[in-house]
Amino acid sequence: MDVVTMARKAPSKASKPRIPPLLSNPFVLALAAVVAVFAVAIGVSTLTGGRSGRGGETARVPQATQQAAVQSPAVPPLPAAKTDAPAPAAPAAAQPASPPSAAGGTGPEAATVVPDGPAQRPAATTVAMLPPPVPPAIAPVQPPAGNAALWRRNALPMTVPPGKPMIAIVVDDMGLDRKRSTRMAGLHGPLTLSWLPYARDLSAQSRAARANGHELMLHMPMEPSVHADPGPNALLVSLDKGEVMRRFRAALDSFDGYVGVNNHMGSRFTADRAQLAPVLAELHRRGLLWLDSRTTPNSAGLGLAQELKMPWVGRDVFLDNEETVAAVRAQLAKVEQVAKHQGYAVAIGHPHDATIEALASWLPEVQKRGFVLVPVSAVVRTHHAGG
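Residues numbered from 1 in each chain as written. Predicted model: local features only at pLDDT ≥ 70, side-chain atom pairs only at ≥ 80, totals over all residues. Heavy atoms only, no water.

Here's the deal with the overall build of the chain
Turning to step 1, where the next piece is worked out: A count of helical and extended segments in the chain gives 12 helices and 9 strands.
Turning to step 2, where the next piece is worked out: Going through the 387 residues of the chain one by one, you find that 39% of them count as buried.
Turning to step 3, where the next piece is worked out: Summarising the internal contacts of the chain: among those between residues at least 6 apart in sequence, 73% fall at separations of at least 24.
Turning to step 4, where the next piece is worked out: Carbon and sulfur atoms make up 60% of the accessible area of the chain, which totals about 22900 Å². (Helix = DSSP H or I, 4+ residues; strand = E, 2+ residues; numbered from the N terminus. Buried < 20%, exposed > 50% of the residue type's maximum accessible area, 1.4 Å probe, protein only. Contact = heavy atoms within 4.5 Å. Areas by Shrake-Rupley, 256 points an atom, 1.4 Å probe, with all protein chains shown as cover.)

Structure below.
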């Protein structure tokens, strides 16, 4: 009985398949399931991605754009004459960040990015130089014709021998210091004496000087660029045109018999073309000459006078910036050198004691050295007559 039973049970045990211990482990089965799911997902993604092309292009763009950046020629800089501003760059927020590629690109936008380096930086924009502003034109002025012009009628008669260099000595600030002004007017001339319009007894002082053989001018106070007082009713750049002309015409009417005007101080006013232009136009309209004292190298006086075609001349040497006899004599020697070089020289001094003393000894001797002492009108008539 026991033997039979055992014989019958033996085949049933042999018929059951034996499962390996590894596959019967539940952790191994779970891992296999996860791998199977990922495999199926990758297969599906590959099949669908090949048709849409999105993933494949994204993977291939960096290589293609890097080749384009290397192979495309550099953009030439704009010509120098171009003044247009470069187009503005796109905002940073509109450019999505991409991880750098193995070749140094920056993802799909690599083709639009130029690598840093001296040779790749955009050329600086060259701005063409604009021409200097053209000053406003001056309205034509009709002066008195010929000898009717005041500067010719009031000029000291003078005959200049041909070929000899001329020297004109102009003395400014006449009239305030009556004693020194009288001493200067008593020197043997001819000198050109320029009178301040606010001096007392101006008509009497100027007539006495004219009777002693000197030429007359008006010394017009104008605003300086330094802190100094030019005197009452000076021409200032802060004044409107109407007030400037009112003051100027009052000065022109302060006395008569003069040939023209030169500036007292005025380094700021004479540099202001817009303010000085109507002043010189009024001079020209009256038939008077302009002597630019050149208290500044920026004076617009000589340029305006030439535009107006009016009679003009400029100062060449200051005599007495240093008020010693030796210094004035040294400046007078310089005047002679300028006269030899350009055929004439215009010097400006003042009624200082040192200047009077130096001139008193120089005037009788200068003509012996081949120079001709002349009033300023003779220099203008010979070299810059105009109108």
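Concerning the packing of aromatic side chains
Turning to step 1, where the next piece is worked out: Counting across every chain of the model gives 1 aromatic pair.
Turning to step 2, where the next piece is worked out: Both rings, one in Phe-255 and one in Tyr-258, keep their centres 4.9 Å apart while their planes meet at 45 degrees; by these two values the pair is tilted.
Turning to step 3, where the next piece is worked out: Looking at Phe-255, the relative accessible area reads 5%, which means it is buried.
Turning to step 4, where the next piece is worked out: Arg-315 extends its terminal NZ or CZ atom over the ring of Phe-318, reaching a point 4.0 Å from the ring centre. (Phe/Tyr/Trp six-rings, centres within 6.5 Å; stacked < 30°, edge-to-face > 60°. Lys NZ or Arg CZ within 6 Å of the ring centre and 35° of its normal.)

Some words on the side chain of His-350
Turning to step 1, where the next piece is worked out: Its location among the elements puts His-350 in the loop between strand S8 (344-349) and helix H11 (353-366).
Turning to step 2, where the next piece is worked out: Beyond its immediate stretch of four places on either side in the chain, His-350 contacts Val-171, Asp-172, Asp-173, Met-184, Asp-320 and Thr-355.

Re the confidence of the model for the chain
Turning to step 1, where the next piece is worked out: Averaged over every residue, the pLDDT of the chain is 79; the share at 70 or more is 66%.
Turning to step 2, where the next piece is worked out: Below a pLDDT of 50 lies the segment residues 1-16, which in the model reaches 0 contacts outside its immediate sequence neighbourhood of four places, other chains included.
Turning to step 3, where the next piece is worked out: For the stretch residues 50-119, pLDDT sits under 50, and the model shows 31 contacts to residues farther than four places along the chain or on other chains. (pLDDT = per-residue confidence, 0-100.)

What to know about the pairing of strand S4 (residues 260-265)
Turning to step 1, where the next piece is worked out: With 5 of its 6 residues buried, S4 lies for the most part within the structure.
Turning to step 2, where the next piece is worked out: For strand S3 (residues 215-222) and S4, the ladder comprises 5 bridges, and the chain directions are parallel. Residue His-219 lies in a different strand from S4, and its bridge partner there is Asn-262.
Turning to step 3, where the next piece is worked out: After leaving S3, the chain enters helix H7 (residues 241-252) and then returns to the sheet as S4, a path that is right-handed.
Turning to step 4, where the next piece is worked out: Here S4 pairs with strand S5 (residues 289-292) via 3 bridges, running parallel. Within S5, the position partnered with Val-261 by the bridge is Trp-290. (Pairing = 2+ DSSP bridges. Right-handed = clockwise from strand over helix to strand, strands pointing away.)

A look at the pairing of strand S2 (residues 192-195)
Successive side chains on a regular strand alternate, one facing one side of the sheet and the next facing the other.
Turning to step 1, where the next piece is worked out: A two-sided burial pattern is seen for S2, the buried positions comprising Thr-192 and Ser-194 on one face and Leu-193 and Trp-195 on the other.
Turning to step 2, where the next piece is worked out: Here strand S1 (residues 166-174) pairs with S2 via 3 bridges, running parallel. Across the sheet, the residue bridging to Met-174 is Trp-195, located in S2.
Turning to step 3, where the next piece is worked out: After leaving S1, the chain enters helix H5 (residues 178-185) and then returns to the sheet as S2, a path that is right-handed.
Turning to step 4, where the next piece is worked out: One ladder, built from 4 bridges, connects S2 with S3; its direction is parallel. What sits directly across from Ser-194, in S3, is Met-217.

Comments concerning the environment of Ala-378
Turning to step 1, where the next piece is worked out: Structurally, Ala-378 can be placed in helix H12 (residues 376-383).
Turning to step 2, where the next piece is worked out: Sequence-wise, Ala-378 and Leu-156 are 222 residues apart; in three dimensions their C-alpha atoms are separated by 8.3 Å.
Turning to step 3, where the next piece is worked out: Setting aside residues no more than four positions away along its own chain, Ala-378 makes contact with Met-158, Val-160 and Met-166.

Some words on the environment of Pro-143
Turning to step 1, where the next piece is worked out: With respect to the secondary-structure elements, Pro-143 resides in the loop between helix H3 (54-71) and helix H4 (150-153).
Turning to step 2, where the next piece is worked out: When the C-alpha positions of Pro-143 and Ala-281 are compared, they lie 9.4 Å apart, and in sequence the two are 138 residues distant.
Turning to step 3, where the next piece is worked out: Each residue touching Pro-143, except ones within four places of it in the same chain, is listed here: His-284 and Arg-285.

With respect to the pattern of salt bridges
Turning to step 1, where the next piece is worked out: Using the criterion set out here, one finds 14 salt bridges in the structure.
Turning to step 2, where the next piece is worked out: In this structure, Asp-177 and Arg-180 form a salt bridge, with 2.8 Å as the shortest nitrogen-oxygen distance.
Turning to step 3, where the next piece is worked out: The partner of Glu-223 in a salt bridge is Arg-268, with the nearest N and O atoms 3.0 Å apart. Taken together, the positions of Glu-223 in the loop between S3 and H7 and Arg-268 in the loop between S4 and helix H8 (273-286) put the pair 45 residues apart, joining distant regions of the chain.
Turning to step 4, where the next piece is worked out: Arg-268 gets classed as partly exposed once you look at its relative accessible area, which sits at 44%. (Salt bridge = Lys/Arg side-chain N within 4 Å of Asp/Glu carboxyl O.)

Side note on the packing of H8 against helix H9 (residues 301-308)
Turning to step 1, where the next piece is worked out: The geometry of H8 relative to H9 is characterised by a closest axis approach of 10 Å and an angle of 45 degrees between their N-to-C directions. Considering the angle they form, H8 stands oblique to H9. Between H8 and H9 lies a crossing of right-handed hand. On H9, the residues that touch Arg-273, Leu-276, Ala-277, Leu-280, Ala-281 and His-284 of H8 are Gly-301, Leu-304, Ala-305, Glu-307 and Leu-308.
Turning to step 2, where the next piece is worked out: Grouping the constituent residues of the contact of H8 with H9 by class yields 7 nonpolar, 2 polar and 2 charged. (Axes fitted to C-alpha atoms, helices over the stretch in contact; angles between N-to-C directions. Parallel < 35°, antiparallel > 145°, perpendicular 65-115°, else oblique. Left-handed = near helix turned anticlockwise from the far one by under 90°. Nonpolar A, V, L, I, M, F, W, Y, C, P; charged D, E, K, R; others polar.)

Things to note about the side chain of Gln-205
Turning to step 1, where the next piece is worked out: Mapped onto the elements of the fold, Gln-205 is located in helix H6 (residues 202-211).
Turning to step 2, where the next piece is worked out: Leave out the neighbours within four places in its chain, and Gln-205 touches Gly-175, Arg-178, Ser-181, Trp-195, Ala-199 and Arg-200.

Regarding helix H10 (residues 325-342)
Turning to step 1, where the next piece is worked out: When the terminal C-alpha atoms of H10 are compared, their 26 Å separation across 18 residues agrees well with the 26 Å that a helix rising 1.5 Å per residue should span.
Turning to step 2, where the next piece is worked out: Along H10, the residues classified as buried are Val-325, Ala-327, Val-328, Leu-332, Val-335, Glu-336 and Ala-339.
Turning to step 3, where the next piece is worked out: Each element contacted by the buried residues of H10 is listed here: S1, strand S7 (317-318), S8 and H11.
Turning to step 4, where the next piece is worked out: Positive phi shows up at Gly-343, right after H10, with a value of about 90 degrees. (Expected span 1.5 Å × (residues − 1).)

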